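# Structure at a glance
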Amino acid sequence: MKKRYLNKVKRKPYDNLSHNYIRLNGAERNNDFSKSMWNKFLSSLKQSDIKYYPNLDELYDALAAHYDIDKEGLIIGDGSDRIIKYIFECFVEQGDEVITSNPSFPMYEVYTKLYNAKINKIDYKGLKVDLDRICSTVNESTAAIILSNPSSPIGDVINSKDLYRLITKAAEYDCLLIIDEAYIEFSDSAESFLKKVMDFENLIVIKTFSKAIGSAGVRFGFGYTNKELIKYINKFRTNHEITGLTMKWVLNILNHWDEIELYINHVKKLKQKLIDKCIEAKLDVVDGECNWIHVNNITDNLQLNTNNIILRDKCSIPNDNRNNWIRLCIPPDSKTIDYLFEIKD
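Described in the following lines is the structure provided in the data block. Here the structure is a predicted model, which is why all the values come from computation and not from measurement. Position numbers for residues count from 1 along each chain, tracking the sequence in the order it is written. Confidence filtering applies because this is a predicted model: local features only for residues at pLDDT of at least 70, side-chain atom pairs given and counted only at 80 or more, and all residues used for totals across whole chains, interfaces and linings. Neither water nor hydrogens contribute to the side-chain values; these are computed over all heavy atoms in the structure.

## Notes on the nonpolar core
Membership of the largest hydrophobic core comes to 84 residues, with the highest contact counts inside it found for Leu63, Ile145 and Phe209. Put simply, DSSP marks the helices as runs of H or I at least four residues long and the strands as runs of E at least two long, and each gets a number from the N terminus on. The leading source of residues in this core is helix α10 (residues 257-280), at nine residues. Residue contacts for phenylalanine 209: discarding those within four places in its chain leaves Leu63, Tyr67, Gly214, Ser215, Ala216, Phe220, Phe222, Val250, Ile253 and Leu254. Among the buried residues, those of types Ala, Val, Leu, Ile, Met, Phe, Trp, Tyr and Cys that are joined through side-chain atoms within 4.5 Å form a nonpolar core. Only protein chains enter the accessibility calculation, which uses a 1.4 Å probe; a residue whose area is less than 20% of its type maximum is buried, one above 50% is exposed, and one in between is partly exposed. Membership of the second largest hydrophobic core comes to 26 residues, among which are Ile87, Met107, Tyr115 and Ile178. The contact criterion used is simple: two residues touch if any of their non-hydrogen atoms lie within 4.5 Å.

## Observations concerning the environment of threonine 243
With respect to the helices and strands, threonine 243 occurs in the loop between α8 (227-233) and α9 (244-254). A relative accessible area of 45% means that threonine 243 is categorised as partly exposed. Along the sequence, threonine 243 and glycine 77 sit 166 residues apart, while their C-alpha atoms lie 9.6 Å from each other. Contacts described as polar in this section are N or O atom pairs within 3.5 Å, which, within protein, must combine one atom able to donate a hydrogen with one able to accept it, while residues neighboring in sequence count only if both atoms come from side chains. Within the structure, threonine 243 has its side chain in polar contact with the backbone nitrogen of threonine 246 (distance 3.0 Å).

## A closer look at the packing of aromatic side chains
A ring pair, where both rings are aromatic, is described by two values, the distance of the centres and the angle of the planes. Working definition: rings of Phe, Tyr and Trp (its six-membered ring) pair if their centres are within 6.5 Å, and the pair is stacked with planes under 30 degrees apart, edge-to-face with planes over 60 apart, and tilted otherwise. A complete count under the given rule lists 13 aromatic pairs for this structure. Pairwise contacts between aromatic rings join Tyr67, Phe209, Phe220, Phe222 and Trp257 into one cluster. Our definition puts a charge over a ring when NZ of Lys or CZ of Arg is within 6 Å of the ring centre and also within 35 degrees of the ring normal. In this structure, lysine 196 packs its charged tip against the face of phenylalanine 193, placed 5.5 Å from the ring centre.

## A few points about helix α5 (residues 106-114)
Buried within α5 we find Met107, Tyr108, Val110, Tyr111 and Thr112. Packing partners of the buried residues in α5 comprise α4 (80-91), β3 (97-102), β4 (118-123), β5 (142-148) and β6 (176-180). In the segment just after α5, asparagine 116 is the residue with positive phi, at about 55°.

## Section: α9
Among the 11 residues that make up α9, 10 are buried, leaving the element largely enclosed by the rest of the structure. Along α9, the residues that are buried comprise Gly244, Thr246, Met247, Lys248, Trp249, Val250, Leu251, Asn252, Ile253 and Leu254. Residues of α9 that are buried in the fold lie against α1 (35-44), α2 (48-51), α3 (57-67) and α10.

## Re the packing of α4 against α5
With their axes 10 Å apart at the nearest point, α4 and α5 run at an angle of 30° to one another. By the angle between their directions, the pair α4 and α5 is classed as roughly parallel. Crossing of α4 against α5: the hand is right-handed. For the pair formed by α4 and α5, the contact residues are Asp81, Ile84, Lys85 and Phe88 on the first element and Tyr108, Tyr111 and Thr112 on the second. In this analysis, axes come from line fits to C-alpha atoms, helices being fitted only over the stretch in contact, and the angle between any two N-to-C directions falls in the range 0 to 180 degrees. The cut-offs work like this: below 35 degrees is roughly parallel, past 145 is roughly antiparallel, 65 to 115 is roughly perpendicular, and the gaps in between are oblique. Left-handed is the label given to a crossing in which the near helix is rotated counterclockwise from the far helix by less than a right angle, and right-handed is the label when the rotation is clockwise.

## What about the pattern of salt bridges?
Definition used for salt bridges: Asp or Glu carboxyl oxygen within 4 Å of a side-chain nitrogen of Lys or Arg. Tallying each qualifying case throughout the model produces 25 salt bridges. Between lysine 195 and aspartate 68 there is a salt bridge, with the nearest N and O atoms lying 3.5 Å from each other. Pair noted here: lysine 195 is in the loop between β6 and β7 (203-208) and aspartate 68 is in the loop between α3 and β2 (74-77), with a separation of 127 residues, a long-range link. Among the salt bridges present, the one from lysine 227 reaches aspartate 70, with a minimum N-O distance of 3.2 Å. Taken as a pair, lysine 227 in helix α8 and aspartate 70 in the loop between α3 and β2 lie far apart in primary sequence, 157 residues in all. You can call lysine 227 partly exposed: its relative accessible area is 46%. Note on aspartate 70: relative accessible area 29%, which makes it partly exposed.

## Re the packing of α3 against α9
Direction vectors running N to C along α3 and α9 enclose 25°, while the axes themselves pass 10 Å from each other. With respect to α9, the axis of α3 lies roughly parallel. The crossing of α3 and α9 is left-handed. Here Glu58, Leu59, Ala62, Leu63 and His66 of α3 come into contact with α9, specifically with Met247, Val250, Leu251 and Leu254. Tallied by class, residues from the contact of α3 with α9 come to seven nonpolar, one polar and one charged. Each residue is assigned to one of three groups, with Ala, Val, Leu, Ile, Met, Phe, Trp, Tyr, Cys and Pro labelled nonpolar, Asp, Glu, Lys and Arg labelled charged, and all others, Gly among them, labelled polar.

Any link to function would need more than the numbers given here.
This is the structure in structure tokens:
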């Protein structure tokens, strides 16, 4: 019979949105990869990538070399949320508490409830994660604190001093700190803690290739932690963590990292143009260090040109009474930005 507590877990259905639209709703990449990069990937494919289970040692070695980290602390999966699931399966038990911010990535709450634990969402202070309240909330029942940096969905950054403080506080209660760095490549001020995990007994860092790396469709992410924690997390990994095709694409990405950096810079430049356009239109803008902004007008009924464009509306911002903010991911080019703001007839 089903576990009755699962009735508390709420999941939204998939958004089956056309790939023929410009998708400015999900922090995805809309720009094509270069022909040379794409052709290099295609030429690397063999029938054996389909017929056989993948040999993943090459990928583990390549990731460790690229990020200058220890291969023994890595675990990979089909998306960073798979890594979160591994961690929760391993360390979160019935009745435990998991602390995160409010708002936060929805899957943090989903996985907490899947394992019959209690979610404690700490409200923002202004437009920032309230680190003081999070630190003061940690207790003997807290199994994990999970935060994104930069945050999702607001895009604020937790500074390194506060993260060190939080790691120390969590360690006093034998509690994990999980830092989700899904958007850190877009940030100019957030410091990655990827290379610091071996210095702490309770730190795990998660990364994804869906956002700045622009590869949401291949579903790839990884986690990194010390050798003691990874020993237990590995007990929950799936057999053959990703497909052979995903492995080939990730290797191709790592061999063309200069193109990823060009894309990130392209997004940052277009973001500034988008912000300037919003200010020119006298709109309210909430900026952050991710690949989107939030925009609204004073009457909470902002309308943009959206023919063949998908936006995310009906969003809320902490400590603001309006509930129809638009979370606007950065368009692929200047032409699309101009089109969004054309006056409708």
